[in-house]
Amino acid sequence: HVRRLLKTRAAALYQLEPTSGMLITLAVANDFGAIATPWHALPLGMGAVGLGVCTRQPVNMTDVVTDPRLALPAAVRAGLEASPVRAVLALPLLRDGRVIGALSLGDEAGRTFEAEALAWAWLFADHAATALTNAQLYTAVQAGQVRLQDLSHKLLEAHEAERRRIAHELHDEAGQLLASVHIALETTIIGLPPQFQE
């Protein structure tokens, strides 16, 4: 929606993976058909998106290939030079003071994203951050429920094992006690006068 609203040629949504520090592509929309983003995972600090995440500020570039703020590896630069998308607006997705991802909008070289476009992009970035946070919370709750079910199953198994152990011990103790009582009774009976033994 934001791509159509701002008349951009490409948009990408990234999630920051805390363990690896990589920006993972979640969604891409563009005018190029089957072509998606050339990078499905970006190292933190790479390109306009990485710069936006590191600075926690919007990054507005008219040409990512010539912008002096970016130090791009030769292979990345070559890929970008062949791309029709060279102007980029990158915004960090923030939630509770921490970066959780990024939004990237792209267009042809020379495009400047004006104040109105930046305001709309920030609005969309805020909504995207909320949606991403909700999705992460949902995933965490689902994982917690699976873990809870697993722990509940293990607890039931432990209870059943303990019940069997106690039943076995009671059976063994009761059997031993009855055998002792039987032996004591036989010994007592043998010691009685014959008329009382019956």
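You'll find the structure just up there.
Residues numbered from 1 in each chain as written. Predicted model: local features only at pLDDT ≥ 70, side-chain atom pairs only at ≥ 80, totals over all residues. Heavy atoms only, no water.

A.B. asks: Could you give an account of the pattern of salt bridges, naming the residues involved and the relevant values?
C.D. replies: All chains considered together, the criterion is met by eight salt bridges. Salt-bridge contacts for D67 lead to R69; the nearest nitrogen and oxygen are separated by 3.0 Å. Exposure remark for R69: the relative accessible area of 46% places this residue in the partly exposed category. The residue E160 makes a salt bridge to R164 at a minimum N-O spacing of 3.4 Å. You can see E160 and its partner R164 sitting in helix 4 (residues 115-190), four residues apart, about one turn around the helix. Judged by relative accessible area, R164 falls into the partly exposed class, the value being 45%. In this structure, a network of salt bridges that share partners links the residues E160, R163 and R164. (Salt bridge = Lys/Arg side-chain N within 4 Å of Asp/Glu carboxyl O. Buried < 20%, exposed > 50% of the residue type's maximum accessible area, 1.4 Å probe, protein only. Helix = DSSP H or I, 4+ residues; strand = E, 2+ residues; numbered from the N terminus.)

A.B. asks: Would you mind going over helix 2 (residues 47-55) in detail, with residue names and values included?
C.D. replies: Counting buried positions over the nine residues of helix 2 gives seven, a clear majority of the element. When helix 2 is considered as a whole, its buried residues turn out to be G47, A48, V49, G50, L51, G52 and V53. Residues of helix 2 that are buried sit in contact with strand 1 (10-17), strand 2 (22-30), strand 3 (41-43), strand 4 (59-61), strand 5 (87-95) and strand 6 (98-107). The first or second residue beyond helix 2 is R56, which carries a positive phi of 60°. (Contact = heavy atoms within 4.5 Å.)

A.B. asks: Outline the pairing of strand 5, listing residues and values.
C.D. replies: Most of strand 5 sits inside the fold, with seven of its nine residues counted as buried. Here strand 4 runs beside strand 5; their pairing, made up of three bridges, is antiparallel. Note that in strand 5 the partner of N60 across the bridge is L89. Pairing between strand 5 and strand 6: nine bridges, direction antiparallel. Paired with L94 across the strands is V99, a residue of strand 6. As consecutive antiparallel partners, strand 5 and strand 6 are separated by two residues, and within that stretch D96 has a phi angle of approximately 55°, a positive value. (Pairing = 2+ DSSP bridges.)

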